[in-house]
Amino acid sequence: MKFVHISDVYLGAEPDKGKEWSESRAKELYETFDRVIQLCIDEKINLLMIAGNLFVRQPSLEDLQALDEKLQKLQGTRTVILGGYRDYIDAGCAMQSFKFTSKTVVLPSGRTANAYLKGINTCVTGYSYDRPEIHEDVIDEISPGREGAVNILLACGGDSKHMPFDRKAIARKGFDYVALGGSRKPMHILKNRMAYSGSPEPIMPSDTGKHGIIMGEIVDGKTTINWTPFSKRSYVTFNIDVSYNVSGEQLSDAIVDRVRKLGFDNIYTISYTGLVDSKLTIDLKRIKDRYNIYDIIDNTVPASDLENVEAEHTGDLAGAFCRANRELPDISDEVKEKMTMYGLEAMARTGER
């Protein structure tokens, strides 16, 4: 039995709202979901599992009609959807009463439920959210739903507000696979047995690193899974050291060179650090206009006039460091100045302030 496990797709989200690329990113979330469907067709996948938060909020009737139309393409694939803490299923919501015409099962909310798929002798068990937060450890109480079948647990959460659970206890339950959602970052918890797929596409700048989906297969009671990169873009953070008289133009050239190497489609948060001349002028407007730059952060420390540095940084590490050095007894002013300059340079390189 071949399966695909995804979660936290966040359809309907507007990543980086207000940025020039935000509208494109919103469309790309749907396009990536469409690519998942096409992958299921191409790879003859038996089961598509969505472990919560398919939508960024409770879907409307129109959302579900569009989803059903997409899933109708999966003639050879069964789909099981778990309601997450974002697209939870409560009384009166569209998901509660919607009837899918595709081969799709939505696990009911507020209780443990089983979906037995006779054609592939697989039982998917889970507990859909009926509200945004469930503090009880309901997942720990779930056991495999059908003897003699492939048993899979579909669960969303793991933190104190979203169905906390004991991973070791779940591992002892005997599920053939535990498909987890509720984390935008992928995590392999137990080799070939328990994993968070993470979001197929990153949603915000903190979602650095690769994003994708899990493909797996269960044959004769043995499960193997492979996490597969799938996102169109990545959020990337990098730093450039501008110490030693680096000019604004040189900084721009260094940023362009790094972006060319890492990819033009990515979305960047860039910081520049170093101990610099207070007269240094850096204009990065042309960089922001040409590339997907979420933010550029100036973490430099001016090298001249240490008294001004202390005054300008009264509430942070740089100011405290200057003050502590100034108050050191039995050390010449010249040595104190060198100690302070070297320390500020080290802070500037790491971005500490």
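The preceding data block contains the structure.
Please read these numbers as outputs of a predicted model, since none were measured by experiment.

How each quantity is defined
Residues numbered from 1 in each chain as written. Predicted model: local features only at pLDDT ≥ 70, side-chain atom pairs only at ≥ 80, totals over all residues. Heavy atoms only, no water. Helix = DSSP H or I, 4+ residues; strand = E, 2+ residues; numbered from the N terminus. Buried < 20%, exposed > 50% of the residue type's maximum accessible area, 1.4 Å probe, protein only. Pairing = 2+ DSSP bridges. Axes fitted to C-alpha atoms, helices over the stretch in contact; angles between N-to-C directions. Contact = heavy atoms within 4.5 Å. Expected span 1.5 Å × (residues − 1). Arc of directions from axis to C-beta.

**With respect to unusual backbone geometry**
Where the residue is not glycine, phi is negative for most of them; where a peptide bond is considered, it is trans in most cases.
Here is step 1: Its identity is not glycine, yet Asn-121 carries a phi of approximately 45°, on the positive side.
Here is step 2: Mapped onto the secondary structure, Asn-121 falls in the loop between β5 (113-117) and β6 (122-126).
Here is step 3: Accessibility expressed as a relative area gives 31% for Asn-121, which makes it partly exposed.
Here is step 4: Within the chain, Met-163 stands out as a residue other than glycine whose phi angle is a positive 45°.
Here is step 5: Looking at where Met-163 falls in the secondary structure, it is placed in the loop between β7 (150-156) and α4 (167-171).

**Details of the sheet that holds strand β1 (residues 2-6)**
Here is step 1: Pairing is mixed across the open sheet formed by 6 strands, whose spatial order is β4-β3-β2-β1-β11-β12. Looking at which strands have only one partner, the edges of the open sheet turn out to be β4 (104-106) and β12 (222-229). Within this sheet the neighbouring strands show an average axis-to-axis angle of 20°, counted without direction.
Here is step 2: Each of β1, β2 (47-51) and β11 (212-219) touches helix α1 (residues 22-42); the most contacted strand, β1, lies at about 170° to it.

**What to know about helix α5 (residues 248-262)**
Here is step 1: For α5, spanning 15 residues, the distance from its first C-alpha to its last is 21 Å, which sits close to the expected 21 Å at 1.5 Å a residue.
Here is step 2: Within the span of α5, buried status applies to Gly-248, Leu-251, Ser-252, Ile-255, Val-256 and Val-259. Looking down the long axis of α5, one finds its buried residues gathered within 135° of arc, a one-sided arrangement. Away from the buried face of α5 by more than 90 degrees, exposed residues Glu-249, Arg-260 and Lys-261 are located.
Here is step 3: Each element contacted by the buried residues of α5 is listed here: β13 (235-241), β14 (267-276) and α6 (285-290).
Here is step 4: Backbone geometry just downstream of α5 places Gly-263 in the positive-phi region, at approximately 120°.

**Some points on α1**
The periodicity of an α-helix, 3.6 residues per turn, causes residues three or four places apart in sequence to face the same way.
Here is step 1: Taking 1.5 Å of rise per residue, 21 residues should cover 30 Å, and α1 covers 30 Å from first to last C-alpha, within 8% of that figure.
Here is step 2: The set of residues buried in α1 consists of Ser-22, Arg-25, Ala-26, Glu-28, Leu-29, Thr-32, Phe-33, Val-36, Ile-37, Leu-39 and Cys-40.
Here is step 3: Looking at the buried residues of α1, the elements they touch are β1, β2, α2 (61-71), β11 and β14.
Here is step 4: Trailing α1 by a residue or two, Lys-44 shows a phi angle of about 55°, which is positive.

**Some words on the sheet that holds strand β8 (residues 177-181)**
Here is step 1: Strands sit in the order β5-β6-β7-β8-β10-β9 across an open sheet of 6 strands; the sheet is mixed. Where the open sheet ends on each side, the last strands, each with one partner, are β5 and β9 (187-190). For this sheet, the mean angle separating the axes of adjacent strands, direction not counted, is 20°.
Here is step 2: Examined bridge by bridge, β5 and β6 share 5 bridges and lie antiparallel to one another.

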